[in-house]
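# Observations on chain architecture
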Amino acid sequence: MVTAFAPGRVNLIGEHTDYNDGLALPFAITAGVTVAAGPPARPDTVTVRASDLHQRDSFSLVDPGRARGWRAFVRGAVAELQRAGHALTATDLTISGDVPRGRGLSSSAALEVSLCLALLGVAGLPIGDRVALARICSRIEREWVGAQTGLLDQLASLQSSEDNALRIDFRTLECRDVPLRLGHHRFVAVDSGEARSLQSSGYNTRREECAEACRLLGIESLRDATVADAASLPAPLNRRVRHVVYENVRVDVAVAALIAGDMDHLGELINASHASLRDDYEISTPAVDATVARLREHGALGARIVGGGFGGSVLALLAPGAPLPNGAIELIPGPPAGLI
Ligand code: GLA
């Protein structure tokens, strides 16, 4: 019997940069998904219980077949690990978790990472290269769930370390720890009340716009773009590129602010990121903007939309002593994914 845990994540800054070979600065949170894997109930079969949902599934180890919802993640994990050459064994899985879904806290990555670790663990296989595993997890979402994602969520869950943010360079996939000395500052997530769905949102349109901008500029990725390049493009591509260029800069300024312990400056950068995501990347909504405004009135040092956008959650940085806003979830830095 093995038990795996994988955390959700929050991204401090560096939004919509991962699929543009840019920079991001997430940290793993204490909320996550746990998967227990034991001996198979039936030979050559994977049986699964989603304990929070009171639902079950079972399928053939060698030919998982397609399904929807949470079942797609499990079948995808089994299929993609085997496709990558891992000799899995039949097993009985139990899934439970406490990452709020559809809130930009990466419940999907926590689920797929935890499933992969449990499936490898119960087969007696090593976790191996965590970046390679992040890629497998991203394929699960793309090929089995139908959501295009970058590698931000999976790398944050697999590569973070406790009490550090993770500066990820998506061009090299180099990950560097940045100490999170929060003192009595707190990060919180507040639901905008507007449901978000990566599959049906404009996320894929934004990715296509970035690819189109690269084609017009004759560059491999927007990591190579400049502000002058942005200005040379027709609308709305000029605004999309401007967001990506400045957001990458904000990530490294945020790293410096964290190292200096300058949380006020970090708050300003979070506010600047929101303005850019709202006006240039255009992924905010009136409900999200209203939530951001409410949090700032409440005294947040910074507040911004997080994740894919078009609804979902707002991240806020609260000053020491500031009370938790109504409905806020405190985001406490936690350990990375692993067997427990
Ligand atoms: C979603 C995706 C990530 C990333 C963010 C935006 O969370 O899963 O890969 O692109 O949106 O930064």
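Structural notes, computed from the coordinates. Since this is a predicted model, take the numbers as computed values, not measurements.

Thresholds applied
- Residues numbered from 1 in each chain as written.
- Predicted model: local features only at pLDDT ≥ 70, side-chain atom pairs only at ≥ 80, totals over all residues.
- Heavy atoms only, no water.
- Phe/Tyr/Trp six-rings, centres within 6.5 Å; stacked < 30°, edge-to-face > 60°.
- Helix = DSSP H or I, 4+ residues; strand = E, 2+ residues; numbered from the N terminus.
- Buried < 20%, exposed > 50% of the residue type's maximum accessible area, 1.4 Å probe, protein only.
- Lys NZ or Arg CZ within 6 Å of the ring centre and 35° of its normal.
- Core = buried A, V, L, I, M, F, W, Y, C linked by side-chain atoms within 4.5 Å.
- Contact = heavy atoms within 4.5 Å.
- Pairing = 2+ DSSP bridges.
- 1 Å grid on protein atoms, 1.4 Å probe; cavity = no way out; pocket = protein on both sides within 12 Å on 5 of 7 lines; lining within 4 Å.
- Points joined across faces, edges and corners; volume = space filled by probe spheres on them.
- Nonpolar A, V, L, I, M, F, W, Y, C, P; charged D, E, K, R; others polar.
- Axes fitted to C-alpha atoms, helices over the stretch in contact; angles between N-to-C directions.
- Expected span 1.5 Å × (residues − 1).
- Parallel < 35°, antiparallel > 145°, perpendicular 65-115°, else oblique.
- Left-handed = near helix turned anticlockwise from the far one by under 90°.

As a further point, take the packing of aromatic side chains. Applying the stated rule across the entire model yields 2 aromatic pairs. Residues tyrosine 19 and tyrosine 203 carry aromatic rings whose centres are separated by 5.5 Å and whose planes lie at 70° to one another, so their mutual orientation is edge-to-face. Of this pair, tyrosine 19 sits in the loop between β1 (2–11) and β2 (23–24) while tyrosine 203 sits in helix α5 (residues 203–217), placing them 184 residues apart in sequence. Overall, the relative accessible area of 7% leaves tyrosine 203 in the buried class. Note that arginine 66 overlies the ring of tryptophan 144, its terminal NZ or CZ placed 3.9 Å from the centroid.

Moving on: unusual backbone geometry. Phi is mostly negative for residues that are not glycine, and the peptide bonds are mostly trans. A cis geometry characterises the amide bond from alanine 235 onward to proline 236, with omega recorded as 0°. Positive phi, normally seen in glycine, also occurs at aspartate 21, with a value near 60°. Given the relative accessible area of 26%, aspartate 21 is considered partly exposed. Phi is positive for aspartate 163, which is not a glycine, with a value near 65°. When you line up the elements, aspartate 163 lands in the loop between α4 (152–159) and β7 (164–169).

On to the nonpolar core, then. Counting 73 residues, the largest nonpolar core has Leu25 and Phe187 as its most contacted members. Among the elements that take part in this core, helix α2 (residues 107–122) stands out by supplying 9 residues, more than any other. Setting aside its immediate chain neighbours within four residues, phenylalanine 187 contacts Leu12, Phe27, Leu182, Leu266, Ile270, Leu315, Ala316, Leu317, Ile329, Glu330 and Leu331. In this structure, Val190, Ala213, Cys214 and Ala322 belong to the second largest nonpolar core, which totals 29 residues.

Our focus in this paragraph is the sheet that holds strand β13 (residues 338–339). The strand order β5-β4-β6-β3-β1-β13 describes an open sheet built from 6 strands, whose pairing is mixed. Every other strand in the sheet has two partners, leaving β5 (55–60) and β13 as the edge strands with one partner each. Pairing of strand β3 (residues 26–38) with strand β6 (residues 91–97), which is carried by 6 bridges, proceeds in the antiparallel orientation. Bridging from a neighbouring strand, alanine 37 pairs with leucine 93 of β6.

It is worth spelling out the layout of surface pockets at this point. Approximately 1,000 Å³ is the volume attributed to the largest pocket. Considering the residues around the largest pocket, the lining is formed by 48 residues, among which Phe73, Arg101, Gly102, Ser107 and Ser108 are closest to the centre. For the lining of the largest pocket, the secondary structure elements donating two or more residues are α1 (70–83), β6, α2, α3 (130–145) and α4. When the residues that make up the lining of the largest pocket are grouped by side-chain class, the tally is 20 nonpolar, 17 polar and 11 charged.

On to the sheet that holds β2, then. One open sheet accounts for 3 strands, arranged β2-β7-β8; its pairing is antiparallel. Strand pairing shows two members of the sheet lacking a second neighbour, β2 and β8 (174–179), which therefore form its edges. With 6 bridges connecting them, β7 and β8 associate as antiparallel partners. Bridge pairing in β8 links aspartate 169 to glutamate 174. Contacting β2, β7 and β8, α4 runs over the sheet at an angle of about 135° to β7.

Here α2 is 16 residues long and its end C-alpha atoms lie 22 Å apart, about the 22 Å a rise of 1.5 Å per residue gives. The buried fraction of α2 amounts to 14 of the 16 residues, a majority that puts the element mostly inside the structure. Once α2 finishes, glycine 124 follows within two positions and takes phi at roughly 75°, a positive value.

The geometry of α2 relative to α4 is characterised by a closest axis approach of 9 Å and an angle of 55° between their N-to-C directions. The angle between α2 and α4 falls in the class oblique. Handedness of the α2/α4 crossing: right-handed. Contact residues: α2 offers Ala109, Ala110, Glu112 and Val113, while α4 offers Asp153, Gln154, Ser157 and Leu158. The class makeup of the residues in the contact of α2 with α4 is 4 nonpolar, 2 polar and 2 charged.

Locating isoleucine 140 in the fold gives a position in helix α3. What makes isoleucine 140 buried here is its relative accessible area of 0%. Sequence spacing of isoleucine 140 and alanine 72 is 68 residues, and the spatial spacing of their C-alpha atoms is 8.3 Å. Leave out the neighbours within four places in its chain, and isoleucine 140 touches Phe73, Gly76, Ala77, Glu80, Glu112, Cys116 and Val145.

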